[in-house]
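# Results of the structural survey
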Amino acid sequence: MEERTLKGVAIAALTLVTVLALTASSSSASGYEISIYAAYPWWFWGGIVATFVLGTVVVLGSTDVPHRRRYLALGAGIILFANTFLLFMPVIRGYAVFGGGDMFTHLGRVIEILENGRVNEGNYYPGIHIHAVMVMEVTGLDYYAVKNVLAPVFSVAYWFGILALGVRVTDEPAGFHYLVPFALLPIFKRTEVYFGPNMLSFSLYPLLLYALFSVRRSRNRFVAVVSLVFCYFVFTHPVTTLLGLFTVALVAASKLATSRLRGDRLPVKQSLSVVAIPVAVGVVFVSWYYSFLKILTMTVSMLGSLFLGIGTSQLGEYSNALRSVPLEPADLLEVVVFRKGLEILLMVGTVVVVLYLAYHVRYGERELRWQDLFWVAGFGLFSVLAAAFLVKPIMLTWTRLLKFAEFFAVLLVATAAYVYVGGSRRSFGTRHVVVVGVVLVLFSLVVFGAYDSPLQRGTNSHVPETRLDGMEWFVDHRDDDRLAYGFSHRWEHAFRGVAPNPRAYAERPIPERFGYHNASTFATPNHAGSYLLVTQRLEEYYPTLHPEYPEYWKYRPSDFRRLDRDEGLGKVYANGGIRIYRASSEPVGTPSGDDATGNATVNATESVSANVPESATASETRREPVRGGLIRGGPRWSGG
């Protein structure tokens, strides 16, 4: 490609970047957003895709220009901007928190360290919690902001790690150009913005491989890097540690197999050095993790599920979810494309790629390298393991293994792209356009599958400030001995830490249609004195996700309107994002506990709003901290 044309493409990409930045900064979330994609027009998301594609053109077209490295860096920078722009969207939109589930437990672990100055008992992977506290102390950010920023930053570290690995394994400079756009695809989508130990530890996986591939160049330095990475793995997540050890064995096996096929001889000294580190890591791993009773019970449970078939497989769970709302074939195809289309295309396409590369090696058009054999072995073995975990009732999710297979898949696809174009071929021709087209399809699936949305029949993981305030108030004022419908103990973790074990037994799922479809009410004797928490997300869920299937809605708009008219329910909190009710507590007597005003709650037959109107803003409903200046109600913990 001519340098003048390359400059034009780069200018177009930078202009588009400016337009995207101005558009994104023009608005922020004012409440719960069930779909982040609805926040901006369609061309905005298309612009992010176009930015990545233009960056790819600059990278691939820079192989034959005078200032090759300058344009390579420029193209890679444009691609990285598209990636970081996509992954930082929750921060750009001003989300208070993005995520849910066990993420709140990890935030609770951070609180424990901030409050006690040490790691509490039972915290068997404290790596990311200590890391978060360190970042808070250095930057002065509060722990919600650190959570929203830390995961995408680790994703950037992943991209730099895989680029360093690419520099090490590519024999020719042009080969690296074809690696860049595929290696920088954010193929793990929303998990790359989740604050969790599994993904954050996996982000250092390319660095581990880079160090393993570099041991022969400077043994002591890179052995030290391997040791440090494993040290982080051990104290961050057990699965990543085990799969890291498996990878070391796979590297050694790939070298041995390649040397056998070539008739070469592998130095025994090198083989011994490869074995020494895994042995040491294995000893530390067993000593650390199996000192915790929970790890022992989890191991026994997993083995029981594996060999005795106890429980439901993840494939069975998917099947059950489909039965809850039977979708038409066209709607089901849409869900599959936007939710798992990237993974399916990548897995199936990589099988074709492996056959394509094998053909070139078989007929002498490409030399067999041990790295290529390692990529194939890694892709095959991790794919088989992921498939086994999908169909077996094991508590370990299959996607944790699938991402290792995806990692090897992009390396194989990049290798095949280089071989397909012809290696050192200089002109930007039809085959280059095909490669760019593949990148376009893959990144489009990444962009529109990165966040849960109605496209996937899912809801955004946005947690608005109103829900945080409401849950914070509820944790502070609830009567712990009463059942809570629509509440998760993870919120207690987020506000109080994990050490004081929450009453998880008090959690209950909200009954279908709140019981109104049976000519009854939520406030039945079985629910006497119980709490009911209703969020904006729940109200919008079925009308937004399944508008064409009203017969399968578990909650209808009329049900939510009826809650405020139900004489058996008393509203004890409302702020526009969450409503909290309490059912009548038997005909006689008044339930104990405080409402949002700090006064005793009146009999639930009176509709109590606790002097908080439904339109109240988050700041109007804040309370003073309850104990020790902790985050609930007052200024949240911040570093510095």
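My aim in this report is to walk through the structure given alongside it, one point at a time. (Residues numbered from 1 in each chain as written. Predicted model: local features only at pLDDT ≥ 70, side-chain atom pairs only at ≥ 80, totals over all residues. Heavy atoms only, no water.)

## Re the overall build of the protein chain
Under the convention used in this document: Each helix is a run of H or I in the DSSP string that is no shorter than four residues. Each strand is a run of E no shorter than two, and both are numbered from the N terminus. Type-normalised accessible area, obtained with a 1.4 Å probe on protein chains alone, sets the label of each residue: buried when under 20%, exposed when over 50%, and partly exposed for intermediate values. Note on contacts: a residue pair qualifies if any of its non-hydrogen atoms lie within 4.5 Å across the two residues. Only the protein chains shown count as cover for residues, and the accessible areas themselves come from Shrake-Rupley with a 1.4 Å probe.
The secondary structure content of the protein chain amounts to 23 helices and seven strands. Burial status across the protein chain gives 52% buried among its 640 residues. Long-range contacts, defined here as pairs at least 24 residues apart, represent 75% of the contacts in the protein chain between residues at least 6 apart. If you sum the accessible surface of the protein chain, you get close to 27,600 Å²; carbon and sulfur atoms cover 61% of it.

## Some details on the packing of aromatic side chains
Applied cut-off: Each Phe, Tyr or Trp ring (for Trp, its six-membered ring) is paired with any other whose centre lies within 6.5 Å, and the angle between the two planes then decides the class: stacked below 30 degrees, edge-to-face above 60, tilted in between. Charge over a ring is defined by NZ of Lys or CZ of Arg lying within 6 Å of the ring centre and within 35 degrees of the ring normal.
Applying the stated rule across the entire model yields 53 aromatic pairs. Centre to centre, the rings of Y95 and F98 are 6.3 Å apart; their planes meet at 20°, and the pair counts as stacked. With a relative accessible area of 2%, F98 lands in the buried category. Sitting over the face of the ring of Y420, R431 holds its NZ or CZ atom 4.6 Å from the ring centroid. Over the face of the ring belonging to Y32 we find R467, whose NZ or CZ atom lies 5.5 Å from the ring centre.

## Quick look at the packing of helix α18 (residues 399–421) against helix α19 (residues 430–449)
Think of two packed helices as two axes; the pair is described by the angle between the axes and how far apart they sit. Which entries qualify depends on this criterion: What counts as an axis is a line fitted to C-alpha atoms, over the stretch in contact for a helix, and the angles between N-to-C directions run from 0 to 180 degrees. Here roughly perpendicular refers to angles of 65 to 115 degrees, roughly parallel to angles under 35, roughly antiparallel to angles over 145, and oblique to all remaining angles. Should the near helix be turned counterclockwise from the far one by less than a right angle, the crossing is left-handed, whereas a clockwise turn marks it as right-handed. Only Asp, Glu, Lys and Arg are considered charged in this grouping, and only Ala, Val, Leu, Ile, Met, Phe, Trp, Tyr, Cys and Pro are considered nonpolar; every other residue, Gly among them, is considered polar.
Closest axis-to-axis distance for the α18/α19 pair is 9 Å, and the angle between their directions is 160°. Viewed along their axes, α18 and α19 adopt a mutual orientation that is roughly antiparallel. Crossing hand, α18 versus α19: right-handed. For the pair α18 and α19, contact is made by A417, Y420 and V421 and by R431, H432, V434 and V435, respectively. Of the residues that constitute the contact of α18 with α19, the class distribution is five nonpolar, one polar and one charged.

## Digging into the side chain of T51
Examined against the element boundaries, T51 turns out to sit in helix α2 (residues 42–61). The buried category is assigned to T51, whose relative accessible area is 0%. When near neighbours in sequence (up to four residues on either side) are disregarded, T51 contacts L16, V17, L20, I78 and A82.

## Observations regarding the sheet that holds strand β3 (residues 484–485)
Consider a sheet: its strands pair through backbone hydrogen bonds, and that pairing is either parallel or antiparallel. So the rule is basically this: Whether two strands pair comes down to DSSP finding at least two bridges between them.
Reading across the sheet, the five strands line up as β4-β3-β5-β7-β6 and stay open at both edges, with mixed pairing between neighbours. Taken across any chain shown, the strands that pair with only one partner, and hence form the sheet edges, are β4 (507–508) and β6 (569–574). Of the strand pairs in this sheet, β6 and strand β7 (residues 578–583) are connected by five bridges, and their pairing is antiparallel. Residue pairing in the sheet places Y573 in a bridge with I580 of β7. Against the sheet, helix α20 (residues 465–477) makes contact with β3, β5 (531–535), β6 and β7, and its axis sits at roughly 30° relative to β7, the strand it touches most. Sitting on the sheet, helix α22 (residues 536–545) touches β5 and β7, and the angle it makes with β5 is about 60°.

## A closer look at the nonpolar core
The criterion, for reference: By nonpolar core we mean a set of buried residues, namely Ala, Val, Leu, Ile, Met, Phe, Trp, Tyr and Cys, connected to one another through side-chain atoms within 4.5 Å.
Residues W45 and F407 are the most contacted members of the largest nonpolar core, which totals 162 residues. Top contributing element to this core by residue count: α18, with 17 residues. One finds A523, Y555, L569 and A583 within the second-largest nonpolar core, a separate group that totals 17 residues.

## Considering the pairing of β5
The buried fraction of β5 is high, at five of five residues. Of the two faces of β5, the one holding Y531, L533 and T535 and the one holding L532 and V534 are both buried throughout. Here β5 runs beside β7; their pairing, made up of five bridges, is antiparallel. The partner of L532 across the bridge, within β7, is Y581.

## Examining the pattern of salt bridges
Heads up, the rule is: Each reported salt bridge corresponds to a side-chain nitrogen of Lys or Arg within 4 Å of a carboxyl oxygen of Asp or Glu.
Taken as a whole, this structure holds 17 salt bridges when the rule is applied. E539 is paired through a salt bridge with R579; the nearest N and O atoms lie 2.9 Å apart. One end of the pair, E539, is in helix α22; the other, R579, is in strand β7, and 40 residues separate them in sequence. For R579, a relative accessible area of 6% translates into the label buried. The partner of K571 in a salt bridge is D564, and the shortest N-O contact between them spans 3.2 Å. Look at D564 and you get partly exposed, because its relative accessible area is 30%.

## A closer look at unusual backbone geometry
For R457, which is not glycine, the phi torsion reads 60° and is therefore positive. Within the element layout of this structure, R457 appears in the loop between α19 and β2 (462–463). What makes R457 buried here is its relative accessible area of 11%. Although it is not a glycine, F514 sits at a positive phi angle of roughly 60°. Looking at F514, the relative accessible area reads 0%, which means it is buried.

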